[in-house]
Amino acid sequence: MLKELVVATHNQGKVEEFKTLMKDLPIEIKYLADFEPVEEPLENGRTFAANARLKATYYAKKLGKPCIADDSGLEVQALDGAPGVRSARYAGEKATDEENNELLLLNMKFQVKRTCRFRCALCVAEPNGKVLNEVDGVCDGMLLHKPLGELGFGYDPLFWSTELHKGMGEASLQEKNKISHRGKAIRKLVAIWSKKK
């Protein structure tokens, strides 16, 4: 098993999720903030899995350490899966969470069917480019008509969890980790690694 792993993200919300869900692994977890700044890769994959692989292999090579990267986002059925891989950049390259949410609500204004899901793909890669693990997770829900709750990040305020029976923006980190797409993906990985001990 790996002794050290870098979580390739600048997103503090994701950092907290990884930190909580991987705390029982005998691995030293580090983050991009622990290293000198590295230019971000161009995320031009057509799927979440492709982007996760692209980021994991890129940062592992740049930092010379095993890296884990995720690509995740929201898929809305009525919008043919959009925002999808462009979730973070839905309203533009430098869009804020609020701008992305506003555009999504605008595009869903006249939609009755509001089924959606969060999807996460995770990839672990070594500095030599070898991919060690790839897993994914899905969290089903409904898109709300307006933001709900003050917690979470990204599209959480617009997501009604059918598992929690509450808005993701109302859920504590502990509640969210139990059912979130990233939580499910990380737990799959932890289960795989736990068997290899």
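Residues numbered from 1 in each chain as written. Predicted model: local features only at pLDDT ≥ 70, side-chain atom pairs only at ≥ 80, totals over all residues. Heavy atoms only, no water.

Undergrad: Before we move on, can you summarise the side chain of His181 with the specific residues and values?
TA: Locating His181 in the fold gives a position in helix H5 (residues 181–195). When sequence neighbours within four positions are dropped, the list of residues in contact with His181 reads Ser72, Phe118, Arg119, Cys120, Gly137, Val138 and Cys139. (Helix = DSSP H or I, 4+ residues; strand = E, 2+ residues; numbered from the N terminus. Contact = heavy atoms within 4.5 Å.)

Undergrad: Can you lay out the pattern of salt bridges for me, pointing to particular residues and giving the numbers?
TA: Applying the stated criterion across every chain yields a total of 18 salt bridges. Between Lys65 and Glu4 there is a salt bridge, with the nearest N and O atoms lying 3.3 Å from each other. Of this pair, Lys65 sits in the loop between helix H2 (48–63) and strand E3 (67–76) while Glu4 is found in strand E1 (residues 4–7), placing the two residues 61 residues apart along the sequence. By relative accessible area, which is 18% here, Glu4 ends up buried. In this structure, the salt-bridge partner of Arg182 is Glu17, at a minimum N-O distance of 2.8 Å. With Arg182 in helix H5 and Glu17 in helix H1 (residues 12–21), this residue pair connects regions lying 165 residues apart in the sequence. Summarising the burial analysis for this pair, Arg182 and Glu17 share the class buried. If you follow the salt bridges from partner to partner, you end up with Glu17, Asp70, Asp156, Lys176 and Arg182 in one network. (Salt bridge = Lys/Arg side-chain N within 4 Å of Asp/Glu carboxyl O. Buried < 20%, exposed > 50% of the residue type's maximum accessible area, 1.4 Å probe, protein only.)

Undergrad: Tell me about the sheet that holds strand E2 (residues 28–31), residues and numbers included.
TA: The strand order across the open sheet formed by seven strands is E2-E1-E3-E4-E5-E6-E7, and the pairing between neighbours is mixed. This sheet does not close on itself; its edge strands, each paired only once, are E2 and strand E7 (166–167). Sheet strands touched by H1: E1, E2, E3 and strand E4 (115–125). Its angle to E3, the strand with the most contacts, is close to 115°. (Pairing = 2+ DSSP bridges. Axes fitted to C-alpha atoms, helices over the stretch in contact; angles between N-to-C directions.)

The values are spatial; any link to function lies outside them.
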